[in-house]
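Chain and residue survey
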Amino acid sequence: MTEGIGRPTVAVWKFASCDGCQLSLLSAEDELLAIAGEIEIAYFLEATREVKEGPYDISLVEGSITTPDDAERIRQVRDLSTTLVTIGACATAGGIQALRNFGDVEAFRSLVYARPEYVETLADSTAIAEHVPVDLELRGCPIETSQLV
Ligand code: SF4
């Protein structure tokens, strides 16, 4: 448990994703109420702007790695987290956006964006476990909230 705090701290992080797994978490009010007293939500921007600084006992990570910034940020998240859990198909397998892995991302970028030079992106969408050690994985699209609880 994080020093100085009585309850385990939980942080929820977003990478390339549709937010659906985080929304599953938010919509599970009944289940969450049952465990709300046992944990402290320290970082969850989808739910609140109130942020407590890390380190965190548990990090839940939604989304895949698609930009150089993502690749750097997930290493920082890993450093801040005792236990890192990836949630959903994006985080565990690269998600639907991993279809780009079979195409030419430069061609897509030029076709889709008026000013492609402003878009920083990696050639592939990759799972979190390809970048940092992951302790647990929860699969599904979206995740089954009861499994998470
Ligand atoms: S796994 Fe599915 S529901 Fe979850 S963030 Fe990715 S696309 Fe959305």
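The preceding data block contains the structure.
What comes next concerns the included structure. Note that the structure is a prediction, hence the values are computed from the model and not measured.

Judged by pairing direction, the sheet is parallel, and its five strands sit side by side in the order β2-β1-β3-β4-β5 without closing on themselves. Whereas interior strands pair on both sides, the edge strands pair on one side only; in this sheet they are β2 (40-44) and β5 (136-138). When the angles between neighbouring strand axes are averaged without regard to direction, this sheet yields 25 degrees. The sheet strands contacting helix α3 (residues 68-80) are β1 (9-14), β3 (56-62) and β4 (81-87), and the helix crosses β4 at an angle near 130 degrees.

Take the pairing of β1 next. Burial runs high along β1: five of the six residues are buried. With four bridges joining them, β1 and β2 adopt parallel strand pairing. Its bridge partner being in β2, alanine 11 is matched across the sheet by tyrosine 43.

Quick look at unusual backbone geometry now. In this chain, glycine 54 is followed by proline 55 through a cis amide linkage whose omega measures 10 degrees. Positionally, proline 55 belongs in the loop between β2 and β3. The residue aspartate 19 is not glycine, and still its phi comes out positive at about 80 degrees. Relative to the helices and strands, aspartate 19 is located in the loop between β1 and α1 (20-27).

Definitions and limits used
Residues numbered from 1 in each chain as written. Predicted model: local features only at pLDDT ≥ 70, side-chain atom pairs only at ≥ 80, totals over all residues. Heavy atoms only, no water. Pairing = 2+ DSSP bridges. Helix = DSSP H or I, 4+ residues; strand = E, 2+ residues; numbered from the N terminus. Axes fitted to C-alpha atoms, helices over the stretch in contact; angles between N-to-C directions. Contact = heavy atoms within 4.5 Å. Buried < 20%, exposed > 50% of the residue type's maximum accessible area, 1.4 Å probe, protein only.

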